Amino acid sequence: MFPIRDHNPSLKTPWITYGLIGLNVLVFLLYWPLFSDEARLSQFFYDWAMIPRRISEGTQLHTLVTAAFLHGGIMHIAGNMLFLWIFGDNLEEEMGHGGFLAFYLASGVLANAAQVLAEPGSPVPTVGASGAIAGVMGGYLLLFPRAKVDILVIFVIFFRIFTLPAWVMLGIWFAIQLYSGVGSAPGTGGVAYWAHAGGFAVGLILSLPIWLRRGGPAFWARTHGHPPHPDANYRISASSIPTVRRRK
């Protein structure tokens, strides 16, 4: 199941969104050779990933930022960049290039801080842009709660596109992060659920000033909770494979 584009691209080029995607990919490619050497990769993550116990001790504070540009594998970075591509451009258009960059970085740092608060003694390295992108998703929920988000669901041999309002899709995602965070054992590794949930909440809070400047509920009334672009229409043609009738 994958979210796909929810609207037609803006006339304004979202340079920061594209730049962040490019930077994340570039950084990943630079240390990609280390994946063939587990010892060197572990040392690299030890130096640059965010380790809650070290942050709690007041050391390696720079990793609150650097960890947001590291990923643990191809699927990890691909999923994160997909979500940034989907939700980032509309937020950048509302906030401006500089404002969106500051918002993204603040969401990433504070999301990692939330993970530290949840597991202050954990020695497990944390990497990924998920916390920052969760902030983008939180801001998107506040500004465009009724935007159409198309979900591509693949069932082995066929697929369908389901359309959900952003508040439903993002609300379910946030609930899953909270539930999973409560149910996971501290310090055991895996997904940093509290960074996700914390980033989402931070993004929503940081977006409040711009929402209020736009008029708050009046902004929703003017935009109907949608980005200022027409929804995309997907035309899926019927299969050209002929149907073979079964003999009785």
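Refer to the structure presented above.
The sections below set out a description of the structure shown in this document. As the structure is a computational prediction, the values presented were derived from the model and not from experiment.

Things to note about a nonpolar patch on the surface
Now for step 1: A cluster of nonpolar residues, Trp15, Tyr18 and Trp85, forms a patch on the protein surface that exposes about 370 Å² of accessible area.
Now for step 2: The topology assignment puts Trp15 in helix α1 (residues 15-31).
Now for step 3: Accessibility expressed as a relative area gives 57% for Trp15, which makes it exposed.

Concerning the pattern of salt bridges
Now for step 1: Within the structure shown, the criterion is met by one salt bridge.
Now for step 2: A salt bridge links Glu94 to Arg214, with the nearest nitrogen and oxygen atoms 3.0 Å apart. Of the two residues, Glu94 sits in helix α5 (residues 74-95) while Arg214 sits in the loop between α9 (193-213) and α10 (217-223), which places them 120 residues apart along the sequence.
Now for step 3: Judged by relative accessible area, which is 14%, Glu94 ranks as buried.

What to know about the side chain of Asn112
Now for step 1: Residue position: Asn112 is located in helix α6 (residues 97-118).
Now for step 2: What makes Asn112 buried here is its relative accessible area of 6%.
Now for step 3: Aside from chain neighbours lying at most four places away, what touches Asn112 is Met50, Thr63, Leu64, Ala67 and Thr126.

Cut-offs applied
- Residues numbered from 1 in each chain as written.
- Predicted model: local features only at pLDDT ≥ 70, side-chain atom pairs only at ≥ 80, totals over all residues.
- Heavy atoms only, no water.
- Patch = residues over 30% accessible without salt bridge, like charges linked within 9 Å, V, L, I, M, F, W, Y side chains within 5 Å.
- Areas by Shrake-Rupley, 256 points an atom, 1.4 Å probe, with all protein chains shown as cover.
- Salt bridge = Lys/Arg side-chain N within 4 Å of Asp/Glu carboxyl O.
- Helix = DSSP H or I, 4+ residues; strand = E, 2+ residues; numbered from the N terminus.
- Buried < 20%, exposed > 50% of the residue type's maximum accessible area, 1.4 Å probe, protein only.
- Contact = heavy atoms within 4.5 Å.

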